[in-house]
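Coordinate inspection notes
Here are the chains, one letter per residue:
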Amino acid sequence: MAAVLASPIARGLLRIPPSYFVFIVLLATLWIARPNMLNLNIMGIFIRQIVPLGILVLGQLVVMRVKSIDLSGGGIILLINYFISSGSFPGASMPFFVVLALATGLVIGLFNGFMIGNRRVSAVIVTLAVSIILVGLVQFLSSGNPPGDVPKLFNDLYNTKFLSVPTPVLFWILLTAAVSLLLSQTVFGRYVASVGENAEAAHFSGVPVQRTVILAHALAGLIAAIAALVQTGSIAVGSVRVGLDLPILAVAATILGGVVFGRGDGGVWGPFFGALCFALLFVVMTVLGIDEPGKLIAQGVIILGAAIFYGVRVRTP
Amino acid sequence: MYHSLFNILSGRNTRQGLWGLPLLVALLISLWLTVETTQFATAENLFNLVAQAMPLIIAALGQLIVVLIGGLDLSVGSVISFTTAVLALDQPAIVLIPAVFLLAAFIGLINGLAITSFNVHPIIATLSTQYIVLGITRILRPVSGGSVPEIVIAAVSGSFLGIPYPVFWGIVVILVGWKLLYGSRYGLHLFAIGGGIASGAESAARNFGVSDRRNIILAYVVCSCFAAVAGVFLAGRIVSGDPNVGLLFELDTVTAVALGGTQLSGGIGSLHGTVIGALVMALLANGMNLANVSPFVQTAIKGGILLAVVGLQSRKKMGL
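Keep in mind it's a predicted model, so treat the numbers as computed, not measured.

**Observations concerning the overall build of chain A**
- Each helix and strand counted, chain A has 16 helices and 4 strands in total.
- Whereas a compact globule of 317 residues would reach a radius of gyration of roughly 20 Å, chain A reaches 20 Å, a difference of no more than 12%.
- With the C-alpha coordinates aligned to their principal axes, the bounding extent of chain A is approximately 65 × 55 × 35 Å.
- When each of the 317 residues of chain A is scored for burial, the buried share is 55%.
- Sequence separation of 24 or more characterises 79% of the internal contacts of chain A that already satisfy a separation of 6 or more.
- Element-wise, carbon and sulfur atoms account for 70% of the exposed surface of chain A, whose accessible area totals about 13,200 Å².
- One way to put it: in chain A the 17 positive side-chain charges average out to a point 9 Å from where the 9 negative ones average out.

**Observations regarding the nonpolar core**
- Core analysis: the largest hydrophobic core is formed by 199 residues, its most contacted members being Ile55(A), Ile69(A), Phe278(A) and Ile80(B).
- Ignoring any residue separated from it by four or fewer positions in sequence, one finds Ile69(A) in contact with Gln60(A), Val63(A), Ala123(A), Val124(A), Thr127(A), His217(A), Val251(A), Phe261(A), Ile124(B) and Leu320(B).

**A short note on the environment of Leu246(A)**
All names here are of chain A.
- When you line up the elements, Leu246 lands in helix α14 (residues 246–256).
- Along the chain, Leu246 and Pro52 lie 194 residues apart, while their C-alpha atoms are 8.2 Å from each other.
- When sequence neighbours within four positions are dropped, the list of residues in contact with Leu246 reads Pro52, Leu53, Leu56, Ile77 and Gln231.

**A short note on the interface of chain A and chain B**
- Contacts between the two partners involve 47 residues from chain A, matched on the other side by 44 residues from chain B.
- Counting each side, the surface lost to burial between chain A and chain B is near 3,700 Å², with a carbon and sulfur contribution of 78%.
- In terms of surface lost to chain B, no three residues of chain A exceed Arg120(A), Ile125(A) and Ile132(A), which account for 17% of the buried area on that side.
- The tally of links between chain A and chain B comes to 1 salt bridge.
- Notably, a salt bridge pairs Arg138(B) with Glu292(A), separated by 3.2 Å at the nearest N-O pair.
- On the surface where chain A and chain B come into contact, there are 3 residue pairs in polar contact (both at pLDDT 80 or more).
- The dominant element in the side of chain A that touches chain B, judged by the number of residues it contributes, is helix α16 (residues 292–315) of chain A, at 15 residues.
- Of the residues assigned to the side of chain A that touches chain B, the class counts are 31 nonpolar, 11 polar and 5 charged.

**Section: the packing of helix α6 (residues 73–85) of chain A against helix α13 (residues 209–235) of chain A**
Residue and element names in this part refer to chain A.
- The N-to-C vectors of α6 and α13 enclose an angle of 55°; their axes lie 8 Å apart at closest approach. Between α6 and α13, the angle is such that the two are oblique. In the crossing of α6 with α13, the sense of the turn from one axis to the other is right-handed. Note on element contacts: α13 touches α6 through Gly221, Ala224, Ala225, Ala228, Leu229, Gln231, Thr232 and Ile235, opposite Gly73, Ile76, Ile77, Ile80, Asn81 and Ile84.
- Residue composition of the contact of α6 with α13, by class: 9 nonpolar, 5 polar and no charged.

**Some remarks on helix α5 (residues 93–116) of chain B**
- Here α5(B) spans 34 Å end to end across 24 residues, near enough to the 34 Å set by a 1.5 Å rise per residue.
- Every buried residue of α5(B) is accounted for by Leu96(B), Val100(B), Ala104(B), Ala105(B), Ile107(B), Gly108(B), Asn111(B), Gly112(B), Ala114(B), Ile115(B) and Thr116(B).

**Concerning the packing of aromatic side chains**
- Per the counting criterion, the structure on display carries 11 aromatic pairs over all chains.
- Three or more aromatic residues joined by ring pairs make a cluster, and in this case those are Tyr20(A), Phe23(A), Trp172(A), Trp269(A), Phe272(A) and Phe273(A).

**Some words on the side chain of Gln60(A)**
All names here are of chain A.
- Mapped onto the secondary structure, Gln60 falls in helix α5 (residues 51–65).
- A polar atom in the side chain of Gln60 sits 2.8 Å from the backbone oxygen of Asp70.
- When residues no more than four places from it in sequence are discounted, the contact partners of Gln60 are Ile69, Asp70, Pro247, Ala250, Val251 and Thr254.

**Regarding the pattern of salt bridges**
All names here are of chain B.
- On inspection of all chains with the given rule, the structure shows 3 salt bridges over all chains.
- Across the pair Asp252 and Lys302 runs a salt bridge, and its minimum N-O distance is 3.2 Å. Of this pair, Asp252 sits in helix α12 (residues 249–259) while Lys302 sits in helix α14 (residues 295–312); the two residues are 50 residues apart in sequence, bridging distant segments of the chain.
- Given a relative accessible area of 15%, Asp252 falls into the buried group.
- Judged by its relative accessible area of 30%, Lys302 is partly exposed.

**Some thoughts on a nonpolar patch on the surface**
Residues and elements named next belong to chain B.
- Among the surface-exposed residues, Phe106, Leu109, Ile110 and Leu113 lie close enough to one another that they form a single nonpolar patch of about 310 Å² accessible area.
- Inspection of the secondary structure puts Ile110 in helix α5.
- The exposure class assigned to Ile110 is partly exposed, which follows from its relative accessible area of 31%.

**A short note on the side chain of Thr129(B)**
- By the element assignment, Thr129(B) lies in helix α6 (residues 122–140).
- In this structure, Thr129(B) is in contact with Ser75(B), Ile110(B) and Asn111(B), ignoring residues within four places of it in sequence.

**Considering the packing of helix α3 (residues 43–68) of chain B against α12(B)**
Residues and elements named next belong to chain B.
- Remark: α3 packs on α12, axes separated minimally by 8 Å, with the N-to-C direction vectors making an angle of 70°. The pairing of α3 with α12 is recorded here as roughly perpendicular in orientation. Residues Pro55, Leu56, Ala59, Ala60, Gln63, Leu64 and Val67 of α3 pack against Phe249, Glu250, Asp252, Thr253, Val254, Ala256 and Val257 of α12.
- For the contact of α3 with α12, the class distribution of residues is 10 nonpolar, 2 polar and 2 charged.

**Some points on the confidence of the model for chain B**
- In the predicted model, chain B carries a mean pLDDT of 86, and the fraction of residues at 70 or more is 95%.
- The spread of mean pLDDT over the elements of chain B runs between helix α1 (residues 2–10) of chain B, the lowest at 56, and helix α4 (residues 76–87) of chain B, the highest at 93.

**Topic: helix α10 (residues 167–185) of chain A**
Residues and elements named next belong to chain A.
- With 19 residues, α10 extends 26 Å from end C-alpha to end C-alpha; this agrees with the ideal 27 Å at 1.5 Å per step.
- Those residues of α10 that sit buried are Pro168, Val169, Trp172, Leu175, Thr176, Val179 and Leu183. Burial along α10 is one-sided: seen end-on, the buried residues are contained in an arc of 125°. Residues of α10 that are exposed and angled more than 90 degrees away from the buried face: Leu174, Leu181 and Gln185.

**Some points on the environment of Ile80(A)**
- Mapped onto the elements, Ile80(A) comes out in helix α6.
- Separated by 73 residues in the primary sequence, Ile80(A) and Ser7(A) have C-alpha atoms spaced 50 Å apart.

**Details of the confidence of the model for chain A**
- Counting all residues, the mean pLDDT for chain A is 85, and 94% of those residues have values of 70 or more.
- The spread of mean pLDDT over the elements of chain A runs between helix α1 (residues 2–6) of chain A, the lowest at 61, and α5(A), the highest at 93.

**Some points on unusual backbone geometry**
- At Arg120(A), a residue that is not glycine, the phi angle is positive and equals roughly 55°.
- Secondary-structure assignment places Arg120(A) in the loop between α7 (94–118) and α8 (123–141).

Criteria and cut-off values
- Residues numbered from 1 in each chain as written.
- Chains lettered and ligands numbered in written order.
- Predicted model: local features only at pLDDT ≥ 70, side-chain atom pairs only at ≥ 80, totals over all residues.
- Heavy atoms only, no water.
- Helix = DSSP H or I, 4+ residues; strand = E, 2+ residues; numbered from the N terminus.
- Rg over C-alpha atoms; globule rule 2.2 N^0.38 Å.
- Buried < 20%, exposed > 50% of the residue type's maximum accessible area, 1.4 Å probe, protein only.
- Contact = heavy atoms within 4.5 Å.
- Areas by Shrake-Rupley, 256 points an atom, 1.4 Å probe, with all protein chains shown as cover.
- Lys, Arg positive; Asp, Glu negative; His and termini not counted.
- Charge placed at Lys NZ, Arg CZ, Asp CG, Glu CD.
- Core = buried A, V, L, I, M, F, W, Y, C linked by side-chain atoms within 4.5 Å.
- Buried area = accessible area lost by both parts, 1.4 Å probe.
- Salt bridge = Lys/Arg side-chain N within 4 Å of Asp/Glu carboxyl O.
- Polar contact = N/O pair within 3.5 Å; in protein donor to acceptor, adjacent residues only side chain to side chain.
- Nonpolar A, V, L, I, M, F, W, Y, C, P; charged D, E, K, R; others polar.
- Axes fitted to C-alpha atoms, helices over the stretch in contact; angles between N-to-C directions.
- Parallel < 35°, antiparallel > 145°, perpendicular 65-115°, else oblique.
- Left-handed = near helix turned anticlockwise from the far one by under 90°.
- Expected span 1.5 Å × (residues − 1).
- Phe/Tyr/Trp six-rings, centres within 6.5 Å; stacked < 30°, edge-to-face > 60°.
- Patch = residues over 30% accessible without salt bridge, like charges linked within 9 Å, V, L, I, M, F, W, Y side chains within 5 Å.
- pLDDT = per-residue confidence, 0-100.
- Arc of directions from axis to C-beta.

Listed below in C-alpha cells is the structure:
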C-alpha cells in the first residue's frame, strides 16, 4: 500500500482534488441513468439551487485554509432571512436589507474571529454555539412559526437570466473568481496561505497571524450574509428551518474540493466543483429514489472519505 | 488547609482542573431555586432532577474520556438516538441490548481508527460519523415510535427502598468511571497522553512506552459505549425509539465537561467536575422550566453558556 502510494503517478493523482473525480463519476452516472436530463436548461435549474451552498463554500474555504472552521452559516442565514421576512422593518428598500445583511454577517464573523483568533477558543465550539444561539433566538422571536413574505424584488432578481444562464449562477462564478484573485494576488491571500501552512513559522516571519485569522472569519461572515441573501431570494418566503444543513455541506464540499485545514491544493475551483458535485449528487439521489436519510449518510461518507484521502496522503513522505 | 482549599477552588496546580467553582454555582442555583419556588426542594422534584440529569451525566463521562486525550466526540448525540431506535426494533431484549453496545463500540472503533490510522482530525471524523449514524437512525425510525423491551422500561422506572432506580444508575456509572479514570492503568495513560498533546509534545507518552494509538481508539470506543448507556436509559424513559432525542446532546456533553473545569486541550480534568458540570446544566434546565422560559430561549442560553465556559479557557493552539 505504502509503496503504491509513494509512486510518482499515484502521488500526482492524489494531488488532484477528489471533487473532479466525483464530478465525473456523478456526471457519468446521470448520463447512464437519465441521459435526457443533461441539457443546459435543466442543469441550470439544478445548479441554481445550490448557489447559496456554493457561495457559503467560498467563505468556508478561506477559514479552512487558516486551519479553522465556520459552522455558524446556518444561524446567519436564518437570522438574515428573519430580518427580511418578518416585517420588523416596514417599508424598507432592497439596498437597506442588503446593507443590513452584510453588516450582520460582518459583525458575527468578527465575533467568531475574535473568539477564535484572540481568545483561542476551539473554532467548532464557537461557531456551533453562535449558530445555536442565533437559531434559538430566531425561533423564539417567530415563536416557531415561519415569518411573513419576502419583498418580491428578491425572487424576481433570482429568476432572471443572462444569455440563458441563470443570474445567480453567473453571480456565483464571478464571486468565486473574485475570491480566487483575493487569495492568489493580494497580501492577505499570501498571509492566509502561510498561516495555514505553519502558523508558528508565519508568526516568526512577521505575518500577523491573529489578524489574518480574524479577517478570514470576518470575510466568511460577510460571504455567509451574501449566501443568505441569495437563499432568501430563492425560497421567497420566511422560514425557521432554511439553510440549517448548509454549513456542514459547505465543509463537505470544501474538503471534497481539496482544501483541508491548512492545505490549499484545491485552490478555489476545487471547492467550486465540490459544490457542483452536491448539485449532481442530489439529482442522482432523487433519480435513484434515495431520500433524506440517504443524503445524510452520503454527506458523512463523503466528508470521512475525503478526509481519509488527505490523511493518508499527508502520511506518505 | 487554606492553601489547598484555594487550589481546589481555582484549579491551580492540579490535574483535576477547576471544579470547585462550578460546585459553588450548583449550590447557589439550588439555593436560589429553593427560595424562589416551593416545588424545587421536594423529594419528588429532586429525584426527577436526577432522572433528567442522568443521560447527560452518563454521556458527559464518556465525552470526558475523549476530551482528556485532547479529542472531541461529536457523534454522541447520534449514537444516543441510534440506540433508542435500535431498542425499538421489536426484537427480544436478549438480542437488542448486547447489539446496542456492539454497534456503539463499532462506531467508536471507526472514529478511533479514522483518527489514529488515517490521520483525520477528531472533529471531522466524529462529525462524519454523526451524520452517517443519524442517517441510519432515520432509516430505522423516520419518526418517533415503536416500543422498547419491558426490561429496559422497568430498569429506569422502578424504585428500591424508596429510592428510584435512576439514582442507582448514577452510582454504578460513576463507580465505573471512577475505576476507569483513577483506579486503572488506562486512566493514568489517558492523562499522560492528553498532557503530552496539550503541551504540544504529541509523542511524549509514546516515548515513555505508552501506546497512544491503542489508548486513543479505546477512548472513542468507551465514549460511544457510555453514549449507548445514556441511550438505553433515555429509551426506558420515553418508552419508544426517537431519531431526534439525542439532537444537540454532543454539545450539552461538551458544555458539561468544560463547565466542570476540564480543559478541552486535554490532560486536565476530573470525573467529579464533569458530574458537577452536568448537574449545573440539569439544575439550570429545571430552573428555567420552573420559570417558564421558552424552550427556544433555553437552547440559546445553553449555547451562550457553552461559548462562555469554553471562551474562558485558555489554550495555545489556534483554530479547530
